[in-house]
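Chain and residue survey
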Amino acid sequence: AYDSGGSRWFHERGEFLVGVRGPLAGERPAVSLWASRGESSYRGRYAKRMPTHDPRMKGAMLAEYLRWYEAHYDVERVRRYILAEPEILEAGVDPSRPAFGVVSSEWYRAAVFHQLLDVAMESMSPENRERFVREGTEAGADSMIRGLYGVLFALVATPERYSKYIQRAWSQLHDTGEREVRLVGPGEAESRVRRWPAHHPILCVRVHETTRAVFARMRLSQVSVVRERCVSEGASECVARVRWSPQ
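None of these values were measured; they are calculated from a predicted model.

Further remarks concern the packing of aromatic side chains. One pass over the structure, following the stated rule, counts 11 aromatic pairs. Aromatic side chains Trp68 and Tyr73 sit 5.7 Å apart centroid to centroid with 65° between the ring planes, which places their arrangement in the edge-to-face category. Of the two residues examined, Trp68 and Tyr73, each falls in the buried class. Within the aromatic cluster, the residues linked to one another by ring pairs are Tyr65, Trp68, Tyr69, Tyr73 and Phe132.

What follows is the structure, encoded as structure tokens:
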């Protein structure tokens, strides 16, 4: 049940709602990624755009997320899955170590991360999936800003700098994809990702949620994000709108 990018999709399992609402998304309805549209919907509109090479991500994309997950959830299902998948073990994932052995500074195939996320969320309710995204992103943003990527945060510590340097920061974590954050008015920015073959619904939500979390740590107030379009829904790019209270 894996496509050529290595990600298992739950369309056939019914609702798989990463649609972000409330404090996670602001007041407007969010894009729903868990509408039960069938696996063919994904394959027909997105899988054919998968790359001929194998996209990679830095471990930092998931390491802190996994540490948070281990502290708040029963991870036995994921451990058993890893042990049964030689390909994941060969990638350096170790279920006996913290964060399953994922090292922030190492590069991994994106398909490995896709599989870990899919298995981790397989038995979660929609409410717990939403909490998983929101709280895991908060924990990951805090750890990254305090740790290895603190220098990057210092570089982009205003909305203007974030907009200017976001592609440089993105390229520290991904070997594919174009990232743009465009300031469109007082207290408003558009967050875009395009040409990103390593896309996964949860990682996509996390990208935009990370922008919200980073902006909140710039001492901006009332920061919210609303996802507007996603390649998982047939769009050509993933777009979210970030808003905050102008100073």
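So that's the structure; there's more coming.
Residues Tyr69, Phe132 and Trp196 are the most contacted members of the largest nonpolar core, which totals 44 residues. The set of elements that each furnish at least two residues to this core consists of helix 2 (63-72), helix 3 (76-83), helix 5 (110-121), helix 6 (126-146) and helix 9 (201-216). Among the elements that line this core, the one with the most residues is helix 5, at eight residues. Membership of the second largest hydrophobic core comes to 13 residues, among which are Val181, Val214, Phe215 and Val223.

What follows is about helix 8 (residues 159-171). Its 13 residues place the ends of helix 8 18 Å apart at the C-alpha level, agreeing with the 18 Å of an ideal helix rising 1.5 Å per residue. Where helix 8 bends most, the angle comes to about 60°, and this point is Tyr165.

Further remarks concern the pattern of salt bridges. The full count for this structure, using the stated rule, is 17 salt bridges. One salt bridge connects Glu237 with Arg194, and the closest N-O pair in it is separated by 3.1 Å. Of the two residues, Glu237 sits in the loop between strand 5 (221-229) and strand 6 (238-245) while Arg194 sits in strand 4 (residues 188-194), which places them 43 residues apart along the sequence. Assessed through its relative accessible area of 21%, Arg194 is described here as partly exposed.

Turning our attention to the environment of Ala99. Tracing the backbone through its elements, the reader meets Ala99 in the loop between helix 4 (86-90) and strand 2 (107-109). Assessed through its relative accessible area of 0%, Ala99 is described here as buried. When the C-alpha positions of Ala99 and Trp68 are compared, they lie 8.4 Å apart, and in sequence the two are 31 residues distant.

It is the contact of helix 3 with helix 5, at a shortest axis distance of 9 Å, that shows an interaxial angle of 140°. The pairing of helix 3 with helix 5 is recorded here as oblique in orientation. Here helix 3 runs over helix 5; the crossing is right-handed. Between helix 3 and helix 5, the residues in contact are Arg77, Val78, Tyr81 and Ile82 and Gln115, Leu116, Val119 and Ala120, respectively. Taken together, the residues of the contact of helix 3 with helix 5 break down into six nonpolar, one polar and one charged.

With respect to the element layout, Val103 can be found in the loop between helix 4 and strand 2. Residue class for Val103 comes out partly exposed when judged on its relative accessible area of 31%. Val103 sits 45 residues away from Lys58 along the chain, and the two C-alpha atoms are 8.2 Å apart. Discounting residues that sit within four places of it in the chain, Val103 has contacts with Gly59, Ala60 and Tyr108.

The rules behind the values
- Residues numbered from 1 in each chain as written.
- Predicted model: local features only at pLDDT ≥ 70, side-chain atom pairs only at ≥ 80, totals over all residues.
- Heavy atoms only, no water.
- Phe/Tyr/Trp six-rings, centres within 6.5 Å; stacked < 30°, edge-to-face > 60°.
- Buried < 20%, exposed > 50% of the residue type's maximum accessible area, 1.4 Å probe, protein only.
- Core = buried A, V, L, I, M, F, W, Y, C linked by side-chain atoms within 4.5 Å.
- Helix = DSSP H or I, 4+ residues; strand = E, 2+ residues; numbered from the N terminus.
- Expected span 1.5 Å × (residues − 1).
- Bend = angle between axes of the 7 residues up to and from the residue.
- Salt bridge = Lys/Arg side-chain N within 4 Å of Asp/Glu carboxyl O.
- Axes fitted to C-alpha atoms, helices over the stretch in contact; angles between N-to-C directions.
- Parallel < 35°, antiparallel > 145°, perpendicular 65-115°, else oblique.
- Left-handed = near helix turned anticlockwise from the far one by under 90°.
- Contact = heavy atoms within 4.5 Å.
- Nonpolar A, V, L, I, M, F, W, Y, C, P; charged D, E, K, R; others polar.

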